[in-house]
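# Residue-level structure breakdown
Listed here are the chains, written in short residue letters.
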Amino acid sequence: TDVFFDLAMNFMEGARKTNQPFFCYLATTAAHMPTWAPEHDSRPYQNVPGLKSPGFYGMIANIDQNLGRVVAFLEERGLAENTIVCFASDNGTADGAPVYNASMRGQKGSPYDGGHRAPLFLRWPAGGLKDGRDVNTLTAHIDILPTLVDLCGLPNRAKTVDGKSWRPLLYERNPNWEERTLFADSQREERLRKWKDTAVMTQRWRLVNAAKEGAAPKYELYDIGKDPGQKTDLAAQQPEVVKSLQTQYDAWWQRVSAHGDEYVRIVLGAEPENPSSLNCMDWHGDANDVWNQRQIRQAPVANGFWAVDIHQAGRYRFELRRWPREVNLPMDAAYVDTKANLEKTPGIGVDAVKARLSIGNVTREARLKPADKYAEFTV
């Protein structure tokens, strides 16, 4: 996280020196599993009753420190007044739910508010956005693009944008803001599934599919203003509201799932990313057994494929590796950490004997020797 912030500030400093406007989107790995944090950040949270993951809170402390570094950097460089700073998270809480969840139900991945409601702080002194106040109107991530386009006075070249600019909410005490319905779901599936972990949201209502995976939808309805903890299901008492929200969801789903069977392809052979890196996180097919490095260390038997698009014709060189290039180990070698850390899963060796590349109508095979660090194909 420290490195990410260092590089972000280097980028902004380069823009400042050349008097160029800049857009910096910084998405940190923290706070996320594996919950490792610098020891000095996690130490205050060790052996605290009720806290099961000191590293999780250490990560949050580290993010806080780095955000402070960015604000100080902007002030020192004379950029703070006219830089729009947005700070947000990407979903509801995870390991923090048992400690504090603002009375909300559920956590990360849940269709209840605790699973997807997130804060967003916005600061822009030159634009008059510097005095702290709350905006309680229902908004969503889809609003960020039109808001920044509006505040920066940029031409709107997008043909279709679902979101709305927050300008009225930011500058008017009693804004003329049209009621609307928003949608949240958590797919993480190879194929889209209708009503998968879904919430249909208005300023007043939450329609939630509470069915377990694979079961028919089970609709619950909550008056979120009166019942922020989503404890009292009103679906039976408010059938017309349920039906209205279902109808709006059906229309939304038909539109957003129209290309659901198409792959988002990884482009190969384009200069902005050459060489390209294909890893198991981009696999289609049998990818559940290689979700993280801990699983890869255990040498799972799994296979999958990448959906790619060749940018231009030519001769391409492919390397197939088990371990990352910087580790510099043979494919059949066991992996041992050079420096002790919190990951205790051993890196198991494998008997790698053959590699295959299949792309379009071309298939190549290569025999592997024990000391080979990778298989190479030129096609």
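In what follows, the accompanying structure is described. Worth saying up front: this structure is predicted, and the values here are computed from it rather than measured.

Taken as a whole, the second largest pocket spans an internal volume of roughly 830 Å³. Residue lining of the second largest pocket: 25 residues in total, with R188, E189, E190, W283 and H284 positioned closest to the centre. Residues of the lining of the second largest pocket, tallied by class, amount to eleven nonpolar, six polar and eight charged.

Here helix α5 (residues 144-151) has its buried residues at P146, T147, L148, V149 and L151. Of the surrounding secondary structure, the elements contacted by the buried residues of α5 are β1 (85-88) and α6 (167-171). Just downstream of α5 lies G153, where phi reads positive at about 65°.

Counted according to the given criterion, the structure contains 26 salt bridges. Note that E76 is salt-bridged to R77, the shortest N-O span being 3.6 Å. Linking R255 and D162 is a salt bridge whose minimum nitrogen-to-oxygen distance equals 3.1 Å. Highlighted residues: R255 in helix α7 (residues 239-256) and D162 in the loop between α5 and α6, separated in sequence by 93 residues. What emerges from the salt-bridge pattern is a single network uniting E189, R193, K196, D197 and E213.

As a further point, take the environment of A80. Considering the arrangement of structural elements, one finds A80 in the loop between α3 (54-76) and β1. Setting aside chain neighbours within four positions, we find A80 in contact with L74, E75, R123 and P125.

Here we take up a nonpolar patch on the surface. Together, V3, F4, L7 and L26 make up an exposed nonpolar region whose accessible area comes to about 340 Å². Counting through the fold element by element, V3 comes out in helix α1 (residues 2-17). Among the residues examined, V3 registers a relative accessible area of 53% and is labelled exposed.

What counts, and at which threshold
Residues numbered from 1 in each chain as written. Predicted model: local features only at pLDDT ≥ 70, side-chain atom pairs only at ≥ 80, totals over all residues. Heavy atoms only, no water. 1 Å grid on protein atoms, 1.4 Å probe; cavity = no way out; pocket = protein on both sides within 12 Å on 5 of 7 lines; lining within 4 Å. Points joined across faces, edges and corners; volume = space filled by probe spheres on them. Nonpolar A, V, L, I, M, F, W, Y, C, P; charged D, E, K, R; others polar. Buried < 20%, exposed > 50% of the residue type's maximum accessible area, 1.4 Å probe, protein only. Helix = DSSP H or I, 4+ residues; strand = E, 2+ residues; numbered from the N terminus. Contact = heavy atoms within 4.5 Å. Salt bridge = Lys/Arg side-chain N within 4 Å of Asp/Glu carboxyl O. Patch = residues over 30% accessible without salt bridge, like charges linked within 9 Å, V, L, I, M, F, W, Y side chains within 5 Å. Areas by Shrake-Rupley, 256 points an atom, 1.4 Å probe, with all protein chains shown as cover.

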